[in-house]
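# Examination of the molecular architecture
So the chains spell out like this:
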Amino acid sequence: MTSNSTRWALLGVTTVTAAGVGRAVARRRHRRQPDRQDGWYVVRRAVTVDRPRDTVRAFWTDRQPAETGLPAAVTAAGPGSLTWRSVDGPTTQEGRIELADAPQGRGTEIRAELRYRSGPLRRVAGLVKGDEPDLALRDALRRAKALIECGQVVDTRHDPSGRSPAQEKATDKAREKLMTGGRA
């Protein structure tokens, strides 16, 4: 049997732990919330690409919007600066991309700022459906990085091994051959 003092101590430790976890979660959520400026939600993201700035700029200006993952056509706003604006879809969006040389000659840093208008209910519905502009910007930057560096986007959502069904079949056959001592 435990004494009352042990129960109170355990309750105190539990309370302090719960409060600490709650504060950590609240801080994390706060960091992910977009800023509000003049009625716009504003999100900023960045990614470093291992290619020169001219190559990255050409990628953004020569490609179609569907390939880059952005909701509208990209226009050059000056050297190292690109903009886009989209009024199609459920939310009005506009954005700016700044291209800067990465430190120590490690390629190009793509800094993106997305501004969008959305009502609170539409924003919550978008979060629930996974249709949040912040997440779309993150995915567009990842997609652009893969396309610029590799020329393709590797998608392993359905098959985490990254192998095609034919490769899986060949691997299974090779594994079976090893297990039977070559008598397959």
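Structure shown above.
Everything in this summary refers to the structure shown in the same document. Everything numeric here is computed off the predicted structure, so don't read it as measured data.

### What to know about the side chain of Arg 115
Relative to the helices and strands, Arg 115 is located in strand S6 (residues 108-117). Note on Arg 115: relative accessible area 16%, which makes it buried. One polar contact links Arg 115 to Gln 37, side chain to side chain, over a distance of 3.2 Å.

### Comments concerning the pattern of salt bridges
Counted according to the given criterion, the structure contains 10 salt bridges. The partner of Arg 44 in a salt bridge is Glu 113, and the shortest N-O contact between them spans 3.2 Å. In this pair, Arg 44 sits in strand S2 (residues 40-49) while Glu 113 sits in strand S6, placing the two residues 69 residues apart along the sequence. Overall, the relative accessible area of 46% leaves Arg 44 in the partly exposed class. For Glu 113, a relative accessible area of 22% translates into the label partly exposed. Two residues, Arg 96 and Glu 98, come together in a salt bridge whose shortest N-O distance is 2.6 Å. Among the charged side chains, a salt-bridge network with shared partners connects Asp 35, Arg 44, Arg 85, Glu 94, Glu 113 and Arg 115.

### Looking at the nonpolar core
Within the largest apolar cluster, 21 residues are counted, with the highest numbers of intra-cluster contacts made by Val 56, Trp 60, Ile 97, Ile 110, Leu 137, Leu 141 and Ile 148. Counting residues per element, the ones that place at least two in this core are S2, helix H2 (53-62), strand S4 (81-86), strand S5 (92-101), S6 and helix H5 (133-150). In terms of residue count, H5 provides more of this core than any other element does, 5 residues in total.

Parameters at a glance
Residues numbered from 1 in each chain as written. Predicted model: local features only at pLDDT ≥ 70, side-chain atom pairs only at ≥ 80, totals over all residues. Heavy atoms only, no water. Helix = DSSP H or I, 4+ residues; strand = E, 2+ residues; numbered from the N terminus. Buried < 20%, exposed > 50% of the residue type's maximum accessible area, 1.4 Å probe, protein only. Polar contact = N/O pair within 3.5 Å; in protein donor to acceptor, adjacent residues only side chain to side chain. Salt bridge = Lys/Arg side-chain N within 4 Å of Asp/Glu carboxyl O. Core = buried A, V, L, I, M, F, W, Y, C linked by side-chain atoms within 4.5 Å.

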